[in-house]
Amino acid sequence: MSDAGLAVIGVTACNQNLGLHPFNIVGEKYLLSIADATKAWPLVIPALGHCPAELILPRLDGILFTGSPSNIEPHHFQGAPSGPDSHHDPKRDATTLPLLKAAIDAGIPVLAICRGFQEMNVVFGGSLHQKLHEVDGFIEHREDKSASVDVQYGLSHEVKIEPGGLLHEAWGRSSAEVNSVHTQGVDRLGVGLRPEAYAPDGLVEAFSIKNAKNFALGVQWHPEWKVLDNSFYTAIFKAFSDACERRANSRTR
């Protein structure tokens, strides 16, 4: 690391009402994953419905696009209207979708998790299954909400890792066990996205961007969960951290 100190990684927030007021909030597990498993410090990016990407991107060495209880509004991928039980966050959509595209274009290292993974697919023209459990052929990808958090985020199924990609380079193996805490999933893969890992039912669970200028990986599972206790998750964050560190050093020359 250069004399400038720690790299700075932006972490996307959600916009939610707590009581009578809107708050911008980030799960602590995402902040800890940066603080504990990278050579960087997290900086929260609020979901205000707009983001001056041209001003903030030059100050960041990477961005973590987080998961969320909310789903992308389906009009962004020409999907059918969602049911009344689906929670949306239009201010996050309006913030993160253009920010993600701008970050990729600018060569900012990006790690996108769960909702962030789905945002990346949508930004590149892909679509989503809104309720995987209602689509024939897919295993159960949702967590048991009656179970403890440790059980919900425990290992759930294997993913097959494609050779020659970012994941295989980081992990060095052809498979890994992951958690599974999602209702939505990839339907049509976005243009220019390279599948990196598949669930046993064939669902794309990770992808990278073929012509990205820098590290750009999306994963459907949650590697931020107790990241230091899982060597596969740690390897993902190390690869992301290394890319962010290289950018930090290049910015300070």
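Because the structure is a prediction, the values reported are computed rather than measured.

Reading guide: rules and limits
- Residues numbered from 1 in each chain as written.
- Predicted model: local features only at pLDDT ≥ 70, side-chain atom pairs only at ≥ 80, totals over all residues.
- Heavy atoms only, no water.
- Core = buried A, V, L, I, M, F, W, Y, C linked by side-chain atoms within 4.5 Å.
- Buried < 20%, exposed > 50% of the residue type's maximum accessible area, 1.4 Å probe, protein only.
- Helix = DSSP H or I, 4+ residues; strand = E, 2+ residues; numbered from the N terminus.
- Contact = heavy atoms within 4.5 Å.
- Pairing = 2+ DSSP bridges.
- Axes fitted to C-alpha atoms, helices over the stretch in contact; angles between N-to-C directions.
- Phe/Tyr/Trp six-rings, centres within 6.5 Å; stacked < 30°, edge-to-face > 60°.
- Left-handed = near helix turned anticlockwise from the far one by under 90°.
- Nonpolar A, V, L, I, M, F, W, Y, C, P; charged D, E, K, R; others polar.
- Expected span 1.5 Å × (residues − 1).
- Polar contact = N/O pair within 3.5 Å; in protein donor to acceptor, adjacent residues only side chain to side chain.
- Salt bridge = Lys/Arg side-chain N within 4 Å of Asp/Glu carboxyl O.

**Student:** What should I look at first to understand the nonpolar core in this one?
**Tutor:** The nonpolar side chains of a soluble globular protein tend to be buried, and buried together. Residues Leu167, Trp221 and Phe232 are the most contacted members of the largest nonpolar core, which totals 35 residues. For this core, the secondary structure elements donating two or more residues are strand E1 (7-12), helix H1 (28-37), strand E6 (110-113), strand E8 (157-161), helix H6 (166-171), strand E9 (175-178), strand E13 (216-219) and helix H7 (231-251). In terms of residues, this core owes the most to one element, H7, which gives nine residues. Apart from residues no more than four positions distant in its own chain, Leu167 is found in contact with Ile161, Gly172, Glu196, Ala197, Ala206, Leu217, Trp221, Phe232 and Ile236. Core analysis: the second largest hydrophobic core is formed by 22 residues, Ile45, Ile108, Met120 and Phe124 among them.

**Student:** I would appreciate a short explanation of the sheet that holds strand E4 (residues 40-45) in the present structure.
**Tutor:** Two pairing modes exist for strands in a sheet, parallel and antiparallel, and in both the strands are linked by backbone hydrogen bonds. If you trace the nine strands from one edge of the open sheet to the other, you get E4-E1-E5-E6-E13-E12-E11-E8-E9, paired in mixed fashion. The sheet is open, and its two edges are formed by E4 and E9, each paired on a single side. Each neighbouring strand pair of the sheet contributes to a mean axis angle of 25°, computed without reference to strand direction. Those strands touched by helix H3 (residues 90-106) are E1, E4, strand E5 (62-65), E6, strand E12 (204-209) and E13, and its axis lies near 140° from that of E5.

**Student:** Hey, could you run me through the pairing of strand E11 (residues 193-198) in this one?
**Tutor:** Each regular strand displays side chains that alternate between the two surfaces of the sheet. Where E8 and E11 come together, two bridges link them in antiparallel fashion. By the bridge assignment for E11, Lys160 is matched with Tyr198. Where E11 lies against E12, five bridges are found, and the strand directions are antiparallel. From the neighbouring strand, Arg194 faces E12, where its bridge partner is Ser208. Between E11 and E12, which pair antiparallel in sequence order, lie five residues; one of them, Gly202, sits at a positive phi of approximately 95°.

**Student:** I would appreciate a short explanation of the packing of aromatic side chains in the present structure.
**Tutor:** The description of two aromatic rings rests on the distance between their centres and on the angle between their planes. Going through the model one piece at a time under the given rule, you end up with six aromatic pairs. Relative to Phe207, the ring of Phe117 lies with its centre 4.3 Å away and its plane at 20°, an arrangement referred to as stacked. Here Phe207 lies in strand E12 and Phe117 lies in helix H4 (residues 115-123), a separation of 90 residues in the sequence. The buried category is assigned to Phe117, whose relative accessible area is 0%. Following the ring pairs from residue to residue traces out a cluster consisting of Trp171, Trp221, Phe232 and Tyr233.

**Student:** Sorry if this is basic, but what is going on with the packing of H3 against H4 here?
**Tutor:** It is at 10 Å that the axes of H3 and H4 come closest, and there the two elements cross at 65°. The crossing of H3 and H4 is right-handed. Note on element contacts: H4 touches H3 through Arg115, Gly116, Glu119, Met120 and Val123, opposite Arg92, Asp93, Thr96, Leu97, Leu100 and Lys101. By residue class, the composition of the contact of H3 with H4 is four nonpolar, two polar and five charged.

**Student:** Teacher, can you tell me more about H3 here?
**Tutor:** Think of an α-helix as 3.6 residues a turn; residues three or four steps apart then line up on the same face. Over its 17 residues, H3 extends 24 Å from the first C-alpha to the last, a length consistent with the 24 Å expected when each residue adds 1.5 Å. Burial in H3 covers these residues: Arg92, Asp93, Thr95, Thr96, Leu97, Leu99, Leu100, Ala103 and Ile104. Looking one or two places after H3, you find Gly107, whose phi comes out positive at around 75°.

**Student:** What exactly am I supposed to notice about the side chain of Glu224 here?
**Tutor:** Along the chain, Glu224 turns up in the loop between E13 and H7. The exposure class assigned to Glu224 is buried, which follows from its relative accessible area of 2%. A polar contact of 3.0 Å, which involves the side chain of Glu224, links it to the side chain of Lys29. When sequence neighbours within four positions are dropped, the list of residues in contact with Glu224 reads Lys29, Tyr30, Ser33, Ile113 and Phe237.

**Student:** Honestly, the pattern of salt bridges in this entry has me stumped. Any pointers?
**Tutor:** Pairs can form between side chains of opposite charge once their charged atoms are near each other. As enumerated under the stated definition, the model contains 14 salt bridges in all. A salt bridge links Asp150 to Lys226; the nearest nitrogen and oxygen atoms lie 2.8 Å apart. Of this pair, Asp150 sits in helix H5 (residues 149-152) while Lys226 sits in the loop between E13 and H7; the two residues are 76 residues apart in sequence, bridging distant segments of the chain. Look at Asp150 and you get partly exposed, because its relative accessible area is 44%. Three or more residues joined by partner-sharing salt bridges are found here, namely Arg92, Asp93, Arg115 and Glu119.

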